[in-house]
Amino acid sequence: MATQTPEIYSFEIPPRPDRPVDGETGLAFGDYADDRFRIVRSLPSNSVTEVFEATDRVQADPVAIKFFREPSPVVSQHVDFELRAHAAVSGETGIVPLRTMGVAETAAGLQRYMVTRLAPRGSLQDVTRHRGGDLDLALSVGQRITPGLLAAHQRNVAHRDIKPNNILVVDSDEFELTDFGVAEPIKNRGRAGSGPVELDMMLPDLADFETMPDYRDPSDLKQFVGTLGYAAPETIMDAPETPQVDVFGLMATLYKVATGKLPFKHEAGMPVDTYLHIIEEGPVPAHVLNGSIPLSFDQLTKEGLSPDPAVRPSLGAVIVRLEAIRQEIAAQADQQDLVLA
Ligand SMILES: Nc1ncnc2c1ncn2[C@@H]1O[C@H](COP(=O)(O)OP(=O)(O)O)[C@@H](O)[C@H]1O
Ligand SMILES: [Mg+2]
């Protein structure tokens, strides 16, 4: 059921293409997009986007430019919301700033794009791929990202795809959340008596774009979109979602960074099996995988990865508990120094 678009989303965004855009940009090293962004190289992207590193010739600095494929009106609705949601939180600590958005002529036609400042070290996925667990890094990431995510929730945006690929590494202790590509509006937040707080899902889930000839009944398109291994069980099973899906994604991310492993077994393309692992088995306690992890972190991730959204702590509580864990570790280190002295 669609509700009124809240004012906060009414940023001016580039107009939708008037015909489907479904091909490759065809852009290569040295080409200019929109007469302003000089392409340097491709960055990892999914089937509906193409992302490049580029140089902004107006500001003379490196950026990331993301082009959207819009094969149907449903996809265009998602792109609209991605742009509005990102604009709504741009400038918050822990969110990559949105520099500009526009329309560029590419081999695929007139294509919408958005530009963010380049994070020099790439994504958290790039940085941690060949590393084992790192508790300190997990705490730093959590302490930077959680306030940004909270700001998104306060603007009634649920991100729904928190994972290392969508966290950018600006510096060794500076991280920024990006990619509102599957975000959804939160409805009834903080309005007493107006019904349960849940996600609006006014946008049907994105289907497999390769096999989507055109727009049909949105209910046809309901299928899991997200990332197995990080997605909350209610997302996987297409049950009603609340903003607490982001606490699950955040905790799966911090667990992965701290231990080097995902909290639950998951098989690519097997959402139901993954769902069963989540609801039938709790995660392996994080300290079993990394002996330097304190019980307080085990407890936080265990609650945050609960199949019951009500058991997961609020983002505000996560911020407080991450700081407490940080201090606990610092106190232990001081103690150790005393013993060694
Ligand atoms: N500002 C940026 N700086 C550095 N790398 C980026 C930036 N934006 C995106 N990337 C890289 O491109 C990838 C895809 O971008 P993302 O916005 O997540 O698009 P998609 O919707 O295709 O997942 C990211 O996982 C990251 O590796
Ligand atoms: Mg992404």
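What this report covers is the structure whose coordinates are included nearby.

The rules behind the values
- Residues numbered from 1 in each chain as written.
- Chains lettered and ligands numbered in written order.
- Predicted model: local features only at pLDDT ≥ 70, side-chain atom pairs only at ≥ 80, totals over all residues.
- Helix = DSSP H or I, 4+ residues; strand = E, 2+ residues; numbered from the N terminus.
- Buried ≥ 20, exposed ≤ 12 C-beta atoms within 10 Å, placed from the backbone.
- Contact = placed C-beta atoms within 7 Å.
- Pairing = 2+ DSSP bridges.
- Core = buried A, V, L, I, M, F, W, Y, C linked by C-beta atoms within 7 Å.
- Domains from an automatic or database assignment.
- Near = placed C-beta within 6 Å.
- Nonpolar A, V, L, I, M, F, W, Y, C, P; charged D, E, K, R; others polar.
- Axes fitted to C-alpha atoms, helices over the stretch in contact; angles between N-to-C directions.
- Parallel < 35°, antiparallel > 145°, perpendicular 65-115°, else oblique.
- Left-handed = near helix turned anticlockwise from the far one by under 90°.

1. A closer look at the overall build of the chain
And then number 1: When you go through the chain residue by residue, the secondary structure sums to 9 helices and 11 strands.
And then number 2: Across the 341 residues of the chain, 40% fall into the buried class.
And then number 3: The long-range share in the chain, meaning contacts at least 24 apart out of those at least 6 apart in sequence, stands at 64%.

2. Topic: the sheet that holds strand β11 (residues 198-199)
And then number 1: Overall, antiparallel pairing links the 3 strands, which are arranged β7-β10-β11 in an open sheet. Edge strands, defined here as strands with exactly one partner in the open sheet, are β7 (157-158) and β11.
And then number 2: The pairing of strand β10 (residues 184-187) with β11 spans 2 bridges and is antiparallel. Residue pairing across strands places Ile186 opposite Leu199, the latter belonging to β11.

3. A closer look at the nonpolar core
And then number 1: Ile65, Tyr113, Val141, Val157 and Ala258 are the most contacted members of the largest nonpolar core, which has 73 residues in total.
And then number 2: Per-element tally for this core: the top contributor is helix α5 (residues 245-259), with 10 residues.
And then number 3: A domain-level breakdown of this core finds at least three residues from each of domain 1 (28-117) and domain 2 (124-334).
And then number 4: Not counting residues up to four positions away in its chain, the partners in contact with Val141 are Leu124, Ile167, Phe175, Leu254 and Val257.

4. Quick look at the site of ligand 1
And then number 1: Surrounding ligand 1, one finds 21 residues, the nearest of these being Ser45, Ala64, Ala119, Ser123 and Asp179.
And then number 2: Mapped onto the shell around ligand 1, the elements with two or more residues apiece are β3 (49-56), β4 (61-68) and β6 (109-117).
And then number 3: The residue inventory of the shell around ligand 1, partitioned by class, reads 8 nonpolar, 10 polar and 3 charged.
And then number 4: Formed jointly, the shell around ligand 1 draws a minimum of three residues from each of two domains, domain 1 (28-117) and domain 2 (124-334).

5. A few points about the environment of Ala88
And then number 1: If you trace the backbone, Ala88 turns up in helix α1 (residues 73-89).
And then number 2: C-beta crowding within 10 Å serves as the criterion here: with 24 such atoms nearby, Ala88 is assigned to the buried category.
And then number 3: Sequence spacing of Ala88 and Ser10 is 78 residues, and the spatial spacing of their C-alpha atoms is 8.8 Å.

6. Let's talk about the pairing of β6
And then number 1: When β4 meets β6, the two strands line up antiparallel, connected through 5 bridges. Across the sheet, Lys66 pairs through a bridge with Met114, a residue of β6.
And then number 2: Relative to β6, strand β5 (residues 98-106) runs antiparallel, the two sharing 8 bridges. Bridging from a neighbouring strand, Leu98 pairs with Thr116 of β6.
And then number 3: Connecting the antiparallel pair β5 and β6 is a turn made up of 2 residues.

7. Let's talk about unusual backbone geometry
And then number 1: Of note in the backbone geometry, Asn156 takes a positive phi value of approximately 65 degrees without being a glycine.
And then number 2: Turning to its location among the elements, Asn156 is positioned in the loop between α3 (135-154) and β7.
And then number 3: Residue Asn156 is classed as buried on the basis of its 22 C-beta neighbours within 10 Å.
And then number 4: Of note, Asp179 is a non-glycine position whose phi angle comes to about 65 degrees, a positive value.
And then number 5: Relative to the elements of secondary structure, Asp179 occurs in the loop between β9 (174-177) and β10.
And then number 6: Its 24 C-beta neighbours within 10 Å are what place Asp179 among the buried residues.

8. Focus on the sheet that holds strand β2 (residues 37-43)
And then number 1: Strand order across the open sheet formed by 6 strands is β1-β2-β3-β4-β6-β5, with antiparallel pairing between neighbours. Two strands close off the open sheet at either side, each with one partner strand: β1 (32-33) and β5.

9. Some details on the packing of α3 against helix α9 (residues 315-340)
And then number 1: Taken N-terminus to C-terminus, the directions of α3 and α9 make an angle of 165 degrees; their axes are 9 Å apart at the nearest point. Considering the angle they form, α3 stands roughly antiparallel to α9. The element α3 and its partner α9 pack so that their crossing is left-handed. In contact with Leu139, Gly142, Gln143, Thr146, Pro147, Leu149, Leu150 and His153 of α3, α9 contributes Leu315, Gly316, Val318, Ile319, Leu322, Ile325 and Arg326.
And then number 2: Of the residues that constitute the contact of α3 with α9, the class distribution is 9 nonpolar, 5 polar and 1 charged.

10. Quick word on the packing of helix α8 (residues 295-304) against α9
And then number 1: Where α8 contacts α9, the two axes come as close as 9 Å, and the packing angle between them is 160 degrees. In terms of orientation, α8 lies roughly antiparallel with respect to α9. α8 and α9 meet at a crossing whose hand is left-handed. Side by side, α8 and α9 meet where Ser296, Phe297 and Leu300 of the first sit next to Arg321, Ala324, Ile325 and Glu328 of the second.
And then number 2: Across the contact of α8 with α9, the residue classes break down as 4 nonpolar, 1 polar and 2 charged.

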